[in-house]
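Descriptive structure summary
Now for the letters of each chain:
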Amino acid sequence: MTAVSDPMQSGILDPELEPPIGAREPGRFWSGRTKYLLGALSIVICLMMVTPIVLSISASLKTTEDAAAVPPTYFPSELSMDNYQKLWDYGSGLPRYLGNSIITAALTIVMTLALTIPAGYGLARFPIPGKEVIFVFLLLALIIPYQSLLTPVFLMFSTLGLTNNLLGLAIVHTTIQLPFSLYIMRNAFEAVPRELEEAALVDGANSWQVLRRVFMPTMVPAFITVTLFAFVTSWNEFLGALVMLTRDTTLTLPLVLAAARSVTSLGSTDWGMLQAGVTVAIIPCVVVYLLLQRYYVSGLLTGAVK
Amino acid sequence: MTNRSRLTGIWYVLPALAFVIAFTAWPFLQMVWISLNDWSLITPPDFVGFQNYLDAFADSQFWVSLSFTLKYTLYITPILMIGGYLVSLLVTPNSGLSRLTRTVVFTPVVIGLGASSLLWYWLFSPNYGLVNKFLMDLGIIDSPVLWLGVDANLSNWAVILSITWKVLGFGMILFVAAIQAIPQEITEATMVDGAGFWQRVRKVILPLTRRTILLVTLVSVIGSLLAFDQFYIMTAGQPRNLTATSTFYVYLNSFPYLKLGYGAALSMILALIILGFTVVQMILTRRSER
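Residues numbered from 1 in each chain as written. Chains lettered and ligands numbered in written order. Predicted model: local features only at pLDDT ≥ 70, side-chain atom pairs only at ≥ 80, totals over all residues.

Some details on the overall build of chain A
Inclusion rule: Secondary structure elements follow DSSP: runs of H or I no shorter than four residues count as helices, runs of E no shorter than two count as strands, and numbering proceeds from the N terminus. Put simply, a residue is buried when 20 or more other C-beta atoms lie within 10 Å of its own C-beta and exposed when 12 or fewer do; between those, it is partly exposed, and each C-beta is set from the backbone. Each residue gets a C-beta atom placed from its backbone, and two residues are in contact if those atoms lie within 7 Å.
Check the secondary structure of chain A and you find 15 helices and two strands. Across the 306 residues in chain A, those meeting the buried criterion constitute 47%. In chain A, the share of contacts with a sequence separation of at least 24, taken over all contacts with a separation of at least 6, comes to 75%.

Structure below.
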C-alpha cells in the first residue's frame, strides 16, 4: 500500500482544504431560483440540527422554577446559574466526576498511542513473518464487539482489582479504539518516504532512533487524529463504564448524568440540572471537533477506506 | 540487516499483540466457556453444554428483544442512508454555506450517545418537554403525547428521531467525500449529454459511490444491532421490556440478574449475528469492486 491510497492525498476533501474542482461550483448546474431554494433548505437543515443543542443550553440557564414550568417555555425568563451550582454539588461533586472522565480519557490516549505507534511502525517498516495475519489479528475487536465481551472482562478485572478503577475502564476504551488507531498509524508510517529512513540508517542510527528522529516529527497529524478519536470515545462511552464502575466516587460523567435523571426537584426530574450536565458533557467534544475538524474528518475517511 | 530487523519488527508489534490477546482474544475464549456453564456468580460454574443456547431459543424475551432490535435496525437504516445521501448531494458543492452545513450536520456525531439521549429524553418528556409544547403550539396535538416508555412503537420512533439527528452527519461526510472523488471528466461528459440532475445521480453518482454506500450501511446496521445507550436512557426497556434491545437483554442477564452463563450465550448469539452481517457485507463489497 502506498501513499496514493490515502484519501487525503488523492484529492478528496476536508472541509477547509478542498481542491477547487470546477464541476462542483454551485450554480454551474443549478439555475438561479433553484440555487436560492437549495440555500434556504441548507439553512433549514442547519437550524434543525442546532436547535436541540441551543434548547438544552438555554434550559440549563433557567431558574429552578422556570425549568419545572408546565407548559415549558422555550427560553429562560431570567438567566441563572442555579443549575450549574446544583450540578457542581451533586453526589461526590462535579469536579470529581469531571476529573474521573478526564483521567480515563488521558489514560486511554496514552495507552492507545503507546501501543499503536510502535505497532504501526513495526507493521509498516519491518519484514515481519506472517505480517498480514498479525495485522488482521490486531483488528480482532472489529469483528468481536466489545459489548459482547464485558462479562469475561468484568470477571478478569474483578480478580485483578480493576473494577471501580479508572485504569480498568481506560483499558476497555483502549480495546475499542485500538483497531481504528492502528489502521491510521500503519497508513501514516507507510506514507513516509523510504529515502528519509535510509539516510538515517546509513548514518548509523538504530531503528528506535529512526522512529524518534525521522518518523515522529512527520507524523504529528496522525498522532492528533488518534488522540482526538480516543478522547471522544472515552469521554462519551457509556456501557463499559456502567458495567465496570459502581462506586460513586469512580463514576464518569455519562453515568452521573444517567443517574441524575432520578434527582427530583419540585416534584419532577430536575430538568434544569440535567441539561446543565448535558451541556457540560457536550461542550468539550464540540469545541475539540470545531478546532480540529480537519484531523477528525481526515481520520474518519482514512479509517473508512479499509 | 534483514534477519535482525525481522526480530526488531516483532518487538515493536509485541505490546499491541499482547494487549489484544489479553483483552480481546482471551476474554472471547472465556466467554465461549462461560456460555457452556450455568453460573450465577454466587454459586460455582456448572457445565451444562449447550443448555443456555437452547434456553435462549425457548425464551420469549430473547425473541422479543431480537425482533425489536431488528425492527429498529430495519427502520433506521434506510432513513440514515437516504437522508444522509440527500443531504450530501445538497452540500457537495464547495460553497461557504455548504461547508457550514456540513460542519453543523456533523457536529452531533461527536456528542456522546448518553448525552444526546438525555437531551432527547427531556425534549420528549410529556409535560416538561418542548416537543409536545411545540406540537401543541402548532395545533397539531391537543394534549401531551406520551412518547417514551408507554407504547413500544411510539418509543421506537422517538428514539429513531433522536438517533437520526445524532448520526446523520456520519454518512453524509463519507458520501460527500465519495461524490467529490468522482473524476471531473465523467461529471462533465454527462452534463454535455444533457442529463438532468436526478438522471446524473441515478446513472453516474450512485453507481460510482456504491462502495461507500455499502460501507456506511454496514456501519449503521452493526451500530443499530448493538443499540443500548439510547434505549437504556430514553425508555429503560419499557413498556414491559418491549423496547429492551438485544444488547440491553445481554446486559440485564449478565449484570443485574447475574446469570453469567446465560448472558454469555446471548452475547455469543449476538456476536454471531453481527459476524454474519459483516461477512455478507464484505462479499458484497468485493463483488462491487469488480
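Comments concerning the overall build of chain B
In terms of regular secondary structure, chain B is built from 13 helices and two strands. Projected onto its principal axes, the C-alpha positions of chain B cover 80 × 75 × 30 Å. The proportion of buried residues among the 290 residues of chain B is 46%. Across chain B, every contact between residues at least 6 apart in sequence was considered, and the portion connecting residues at least 24 apart equals 71%.

Here's the deal with the environment of arginine 211 of chain B
Residue and element names in this part refer to chain B. Among the secondary structure elements, arginine 211 is positioned in helix H10 (residues 210–225). Residue arginine 211 is classed as partly exposed on the basis of its C-beta count, with 15 C-beta atoms lying within 10 Å. A sequence separation of 76 residues divides arginine 211 from arginine 287, and the C-alpha atoms of the two residues are 9.8 Å apart.

Regarding the interface of chain B and chain A
Under the convention used in this document: Following the grouping adopted for this structure description, the nonpolar residues are Ala, Val, Leu, Ile, Met, Phe, Trp, Tyr, Cys and Pro, the charged ones are Asp, Glu, Lys and Arg, and the polar ones are all others, Gly among them.
Contacts between the two partners involve 82 residues from chain B and, on the opposite side, 83 residues from chain A. Element by element, the count of residues in the side of chain B that touches chain A is highest for helix H1 (residues 2–35) of chain B, at 21 residues. Counted by class, the side of chain B that touches chain A contains 52 nonpolar, 24 polar and six charged residues.

A closer look at the confidence of the model for chain B
In low-pLDDT segments, the atomic positions of the prediction should not be examined closely. Residues and elements named next belong to chain B. Defined as follows: pLDDT: the predictor's confidence for each residue, scored from 0 to 100.
Counting all residues, the mean pLDDT for chain B is 89, and 97% of those residues have values of 70 or more. Per-element averaging of pLDDT across chain B places helix H8 (residues 184–192) at the bottom with 78 and helix H3 (residues 60–91) at the top with 95. Note on the complex model: pTM 0.88, ipTM 0.89.

As for unusual backbone geometry
Negative phi is the rule for most residues except glycine; trans is the rule for most peptide bonds. Proline 71 of chain A follows valine 70 of chain A through a cis peptide bond whose omega is -10°. Along the chain, proline 71 of chain A falls in the loop between helix H2 (64–67) and helix H3 (82–89). The backbone of arginine 240 of chain B shows a phi angle near 45°, a positive value even though the residue is not glycine. In this structure, arginine 240 of chain B sits in the loop between helix H11 (229–234) and helix H12 (246–254). Its identity as a non-glycine residue notwithstanding, asparagine 241 of chain B has a phi of 55°, on the positive side. As for its placement among the helices and strands, asparagine 241 of chain B is situated in the loop between H11 and H12.

Points about the nonpolar core
Which entries qualify depends on this criterion: Each nonpolar core consists of buried Ala, Val, Leu, Ile, Met, Phe, Trp, Tyr and Cys residues. Their C-beta atoms, within 7 Å, join them into a set.
Leu257 of chain A together with Leu118, Ile173 and Leu266 of chain B are the most contacted members of the largest nonpolar core, which has 165 residues in total. Of all the elements, helix H7 (residues 152–180) of chain B adds the most residues to this core, at 15 residues. Discounting residues that sit within four places of it in the chain, isoleucine 173 of chain B has contacts with Val297 and Leu300 of chain A together with Arg102 and Phe106 of chain B.

A closer look at the packing of helix H1 (residues 32–60) of chain A against helix H14 (residues 271–291) of chain A
Residue and element names in this part refer to chain A. To keep things clear, this is the line we draw: The axes are straight lines fitted to the C-alpha atoms, using for helices just the contacting stretch, and the angles between their N-to-C directions are given from 0 to 180°. For classification purposes, angles smaller than 35 degrees are called roughly parallel, those larger than 145 roughly antiparallel, those between 65 and 115 roughly perpendicular, and all remaining angles oblique. Throughout, a crossing is termed right-handed when the near helix is turned clockwise from the far one, and left-handed when it is turned anticlockwise from it by less than a right angle.
It is at 7 Å that the axes of H1 and H14 come closest, and there the two elements cross at 125°. By the angle between their directions, the pair H1 and H14 is classed as oblique. Seen along the crossing, H1 lies across H14 with a hand that is left-handed. Taken together, the residues of H14 that come into contact with H1 (itself represented by Ile53, Ser56, Ile57, Ala59 and Ser60) are Trp271, Gly272, Gln275, Ala276, Val278, Thr279 and Ile282. Looking at the contact of H1 with H14, its residues break down into seven nonpolar, five polar and no charged.

Quick notes on the packing of helix H13 (residues 253–260) of chain A against H14 of chain A
Residue and element names in this part refer to chain A. Relative to each other, H13 and H14 sit at 165°, their axes nearing to 10 Å. As far as their axial angle goes, H14 and H13 are roughly antiparallel. Our pair here, H13 against H14, has a crossing hand that is left-handed. In contact with Leu253, Pro254, Val256, Leu257 and Ala260 of H13, H14 contributes Met273, Leu274, Gly277, Val278 and Ala281. Looking at side-chain class alone, the contact of H13 with H14 contains nine nonpolar, one polar and no charged residues.

As for the confidence of the model for chain A
All names here are of chain A. Here chain A averages 85 in pLDDT, while 88% of its residues score no lower than 70. Confidence scores differ between elements of chain A, with strand E1 (residues 264–265) showing the lowest mean pLDDT of 68 and helix H4 (residues 94–125) the highest of 95. Ignoring residues within four places in sequence, the model shows residues 1–27, a span with pLDDT below 50, making 52 contacts including any to other chains.

Some details on the environment of asparagine 156 of chain B
Residue and element names in this part refer to chain B. Inspection of the secondary structure assignment puts asparagine 156 in helix H7. Along the primary structure asparagine 156 and phenylalanine 231 are separated by 75 residues, whereas in three dimensions their C-alpha atoms are 8.8 Å apart. With near-sequence residues (within four places) excluded, asparagine 156 lies in contact with Lys71, Tyr72, Tyr75 and Thr243.

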